[in-house]
Amino acid sequence: MARLRVKGLRSLRRSLRSYAKDVRVEVAQTMTAVLNDIQDAAREMAPVETGQLEGSIQPSPRVVDPGDLTGSVSTNVEYARVHEFGFTGTVSVSAHKRTIDKAFGEPIPEQTITVSAHTRRMDIEGKYYMTKAAQAAKQTYSKKISDAIQRAQ
């Protein structure tokens, strides 16, 4: 049996470990930037009525950890799924009060009325704001990651 001894093997191993760490740091920084790009694009495309949906779109984590190269952009707003994918169906509406100042298109003195609980048929078309934002980032993602790896060398 022949034995080989490689001179500088420890140094090579240290260099490779250091290089791998540098690559992971660069990739993590690039992924953080991409997640922020997706967030910005999704916020720009999201339907805005009150701004709650738009403001809720967040990357997670905010900064990607080099030790765990995963991330996502999401929202915790309950109705976000409806605006993303659309909805056709019937929903229940609770009894509530409504202030009105028009009846049959004509102005009337302002008054508050009670609306009984009822069902309502809805047909909301999907906006696909998150999907479109992710697809836009996907166009350049591979190049950005490749560039990050090159920067680490």
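Residues numbered from 1 in each chain as written. Predicted model: local features only at pLDDT ≥ 70, side-chain atom pairs only at ≥ 80, totals over all residues. Heavy atoms only, no water.

**Student:** Quick question: what am I supposed to make of the nonpolar core here?
**Tutor:** Side chains of nonpolar character tend, in soluble globular proteins, to be buried together. I57 and Y129 are the most contacted members of the largest nonpolar core, which totals 22 residues. At the level of elements, helix 1 (9–45) and helix 4 (129–152) are the ones that each hand at least two residues to this core. Tallying contributions element by element places helix 1 first for this core, with eight residues. Excluding residues that lie within four positions of it along the chain, Y129 makes contacts with A42, M45, A46, P47, L53, I57, T75, A80, H83 and E84. (Core = buried A, V, L, I, M, F, W, Y, C linked by side-chain atoms within 4.5 Å. Buried < 20%, exposed > 50% of the residue type's maximum accessible area, 1.4 Å probe, protein only. Helix = DSSP H or I, 4+ residues; strand = E, 2+ residues; numbered from the N terminus. Contact = heavy atoms within 4.5 Å.)

**Student:** What is the right way to read unusual backbone geometry from this model?
**Tutor:** Excluding glycine, residues mostly carry a negative phi; peptide bonds, for their part, are mostly trans. Cis rather than trans, the peptide bond between S60 and P61 has omega equal to -5°. Relative to the elements of secondary structure, P61 occurs in the loop between strand 1 (58–60) and strand 2 (72–74). At F104, a position not held by glycine, the phi torsion is positive, near 55°. Turning to its location among the elements, F104 is positioned in the loop between strand 4 (96–103) and strand 5 (106–115).

**Student:** Help me understand the packing of aromatic side chains in this model?
**Tutor:** Both the distance between ring centres and the angle between the ring planes are used here to describe each pair of aromatic rings. Scanning the entire structure with this criterion turns up one aromatic pair. Relative to Y128, the ring of F85 lies with its centre 6.1 Å away and its plane at 75°, an arrangement referred to as edge-to-face. On the criterion of sequence distance, the pair formed by F85 in helix 3 (residues 80–85) and Y128 in the loop between strand 6 (118–125) and helix 4 is long-range, its members being 43 residues apart. Residue class for F85 comes out partly exposed when judged on its relative accessible area of 49%. (Phe/Tyr/Trp six-rings, centres within 6.5 Å; stacked < 30°, edge-to-face > 60°.)

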